[in-house]
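Take a look at the letters that make up each chain.
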Protein chains: 2
Amino acid sequence: MTLLVVGSIGLDTVRTPFGDVAEALGGSATYFSTAASFFTDTALVGVVGEDFPAEHRLFLKSREIDLAGLMTRPGRTFRWSGSYGYQLNEAQTLETHLNVFEEFRPVLPETYRKAEAVFLANIDPDLQMEVLDQVENPWLVASDTMNFWIAGKPDALKRMLARVRVLLVNDGEARQLSGEYNLVRAARAIQGMGPAVVIIKRGEYGALLFNGKSVFAAPAYPLETIYDPTGAGDTFAGGFMGYLSNARDLSEPSLRRAIIYGSAMASFTVEAFSLDRLKALSYDEIEDRFTAFQSLTAFEPLLV
Amino acid sequence: MTLLVVGSIGLDTVRTPFGDVAEALGGSATYFSTAASFFTDTALVGVVGEDFPAEHRLFLKSREIDLAGLMTRPGRTFRWSGSYGYQLNEAQTLETHLNVFEEFRPVLPETYRKAEAVFLANIDPDLQMEVLDQVENPWLVASDTMNFWIAGKPDALKRMLARVRVLLVNDGEARQLSGEYNLVRAARAIQGMGPAVVIIKRGEYGALLFNGKSVFAAPAYPLETIYDPTGAGDTFAGGFMGYLSNARDLSEPSLRRAIIYGSAMASFTVEAFSLDRLKALSYDEIEDRFTAFQSLTAFEPLLV
């Protein structure tokens, strides 16, 4: 049941109205794999520099994440810094230093080639396809992308999309990729590019799941305080893919449960900076929040 | 089971990316009462000028809305014109002519004084209270308001809020009224001002219901084309209050059903300009959309 993820591993410096943190563990593959590790065996492909703190590697190991694909290269680890206003919806990027991530070429250890599920986090679509080329026969392939690749590498992106079953993007990315403002039309257009399942992440407004002709709407969990939204989307993807990889079931009920587990995991991440909340998370808390999502959304017709 | 509404009746000129309409029937009390009339006996308090077209009065009568409280005054009817961009979230007001609405003082016909439920649409909070003073013993009082009164008449607004059971506002209004950006905190703060039930309307993102300590999140119905969002919020309120007035039940399950009926009614309104979609609406279509909301939101845990 191994779930493979390729993406960034970095050190984040983040300021929100509720505090700040410097050089904390971050990166799409980090958030994703940590969330997924609560559900299934997870393996990571990525690169760090020689300055990557040992404590972070120990933490990932403590989650039983397979780090055979985590390369260490001469130089510094990827760094990002950003700040959020009260709206907490979109980060203002202050600095990005790709460092060793700039020359990253994913090479999969032999043991990864039989991965059953693959998540291609937001990296160059050519690299996403290089990863796919190295996996023998995955049962499930999902990917993310971003505005930079939609605008800059549209042809490679379309070739990649033709090879994935599930695409997870935010609303702005869905609009840019499809050329449609309306999200229902945007999702339909993206389904025409390959992915039978399109998930549109809307941050504080939750997520929409388009699976064939069906639509499912899940809210975000209403929290009184959101300390740091960094990583929420990748954590969502990790919970979603982790659940599916373990269940090995792509039926509509299973996909909906996966969306709720993803939403639950994301709701924990934003309760603290970096991965601090996930580090302290228990299985009981995850199940309790799944139940809380049922209370949050359930209604019944009046029986007559 | 009479539900009384006080608010505006006007002639709207609206342009959206999907078309335009000139001097069409509009106004908060119009959308509200039309939506409510599908659920319960509805009575309207408002004012129009001598130029108010007879066809509009006939339409409201065809919905069996009690028009004893609809005054005709010398002068012109309230007019509003606005336009929407592709985002369709907020209208840009081009012109507002209050006309006879400027001197509006609500005087209730004797037959209205025993109204069982009251909805105070968005008008001057002093006028909202004048209406309440004329109703003997309503079982349920709900209100709307807007940024203009929050900023301009905060003291009157707070006196009014102390007298209502349910407040329906949009997210921006909730933030302005409470001084809290986070919507959970905003709703808690507003509950402290009087209304035990606070409903935050989020347009395309649905609605949040805060009832005591409980929270319910309902999505908006995902539509491929939204022709004109004008009146969606008042239609939502009409479906919500119409259902509750008929059910005479403020339990949590009943409030949740009311939110879904309100959301269903709003989803029809935006499918056409003015009240055109509501004019063609059937009871079966309403029930079908209620069922569609169940399909849109339902998920089940895996039974083990």
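Okay, so let's go over this structure. (Residues numbered from 1 in each chain as written. Chains lettered and ligands numbered in written order. Predicted model: local features only at pLDDT ≥ 70, side-chain atom pairs only at ≥ 80, totals over all residues. Heavy atoms only, no water.)

A word on the overall build of chain A
Logical step 1: A count of helices and strands for chain A gives 11 helices and 13 strands.
Logical step 2: Whereas a compact globule of 304 residues would reach a radius of gyration of roughly 19 Å, chain A reaches 18 Å, a difference of no more than 12%.
Logical step 3: Reported as C-alpha extents along the three principal axes, the dimensions of chain A are approximately 70 × 40 × 35 Å.
Logical step 4: In chain A, of all internal contacts separated by at least 6 residues, the share reaching a separation of at least 24 is 65%.
Logical step 5: As presented, chain A carries roughly 12100 Å² of accessible surface, and 49% of it is formed by carbon and sulfur atoms.
Logical step 6: Across chain A, 27 positive and 38 negative side-chain charges occur, with their mean positions spaced 6 Å apart. (Helix = DSSP H or I, 4+ residues; strand = E, 2+ residues; numbered from the N terminus. Rg over C-alpha atoms; globule rule 2.2 N^0.38 Å. Contact = heavy atoms within 4.5 Å. Areas by Shrake-Rupley, 256 points an atom, 1.4 Å probe, with all protein chains shown as cover. Lys, Arg positive; Asp, Glu negative; His and termini not counted. Charge placed at Lys NZ, Arg CZ, Asp CG, Glu CD.)

Thoughts on the packing of helix H8 (residues 232–247) of chain B against helix H9 (residues 252–269) of chain B
All names here are of chain B.
Logical step 1: Relative orientation of the contacting elements H8 and H9 amounts to 140°, with a least axis distance of 7 Å. Judged by the twist between their axes, the crossing of H8 over H9 is right-handed. Contacts between H8 and H9 involve Ala 232, Thr 235, Phe 236, Gly 239, Phe 240, Tyr 243, Leu 244 and Ala 247 from the former and Ser 254, Leu 255, Arg 257, Ala 258, Ile 259, Tyr 261, Gly 262, Ser 263, Met 265, Ala 266 and Thr 269 from the latter.
Logical step 2: Per-class residue counts for the contact of H8 with H9 are 12 nonpolar, six polar and one charged. (Axes fitted to C-alpha atoms, helices over the stretch in contact; angles between N-to-C directions. Left-handed = near helix turned anticlockwise from the far one by under 90°. Nonpolar A, V, L, I, M, F, W, Y, C, P; charged D, E, K, R; others polar.)

Here's the deal with the packing of aromatic side chains
Residue and element names in this part refer to chain B.
Logical step 1: Inspection of every chain in the model, using the stated rule, returns 29 aromatic pairs over all chains.
Logical step 2: When the ring of Phe 236 is compared with that of Phe 240, the centres are 6.5 Å apart and the planes differ by 5°; the resulting orientation is stacked. Note that Phe 236 and Phe 240 are positioned in helix H8 at a spacing of four residues, about one turn of the helix.
Logical step 3: Taking relative accessible area as the criterion, Phe 236 reaches 5% and is therefore assigned buried.
Logical step 4: Residue classification places Phe 240 among the buried residues on the basis of a relative accessible area of 0%.
Logical step 5: Considering the side-chain rings of Tyr 261 and Phe 290, the 4.6 Å spacing of their centres and the 35° angle between planes classify their relative orientation as tilted. With Tyr 261 in helix H9 and Phe 290 in helix H11 (residues 283–297), this pair connects stretches of sequence that are 29 residues apart. (Phe/Tyr/Trp six-rings, centres within 6.5 Å; stacked < 30°, edge-to-face > 60°. Buried < 20%, exposed > 50% of the residue type's maximum accessible area, 1.4 Å probe, protein only.)

Section: the relation of the copies chain B and chain A
Logical step 1: Least-squares fitting of chain B to chain A yields an RMSD of 0.0 Å, with the superposition described by an axial translation of 0.0 Å and a rotation of 180°. Overall, the copies show the geometry of a two-fold rotation axis. Measuring from the rotation axis to each C-alpha of chain B, the shortest distance belongs to Tyr 205 of chain B, at 3.1 Å.
Logical step 2: Most of the interface of chain B is mirrored in chain A, where 100% of its interface residues again form contacts. (Least-squares fit on C-alpha atoms with pLDDT ≥ 70 in both.)

Regarding helix H2 (residues 54–62) of chain A
Residue and element names in this part refer to chain A.
Logical step 1: Among all positions of H2, only His 56, Phe 59 and Leu 60 are buried. Axial view of H2: buried residues confined to an arc of 95°, hence all on one face. Facing away from the buried surface of H2 by more than 90 degrees, the exposed residues are Ala 54, Glu 55, Leu 58 and Lys 61.
Logical step 2: Its buried side turned inward, H2 meets strand E2 (10–16), strand E3 (19–26), helix H1 (28–36), strand E5 (66–73) and helix H10 (276–279).
Logical step 3: In the segment just after H2, Glu 64 is the residue with positive phi, at about 60°. (Arc of directions from axis to C-beta.)

In short, the description is geometric, and any link to function would need to be established separately.
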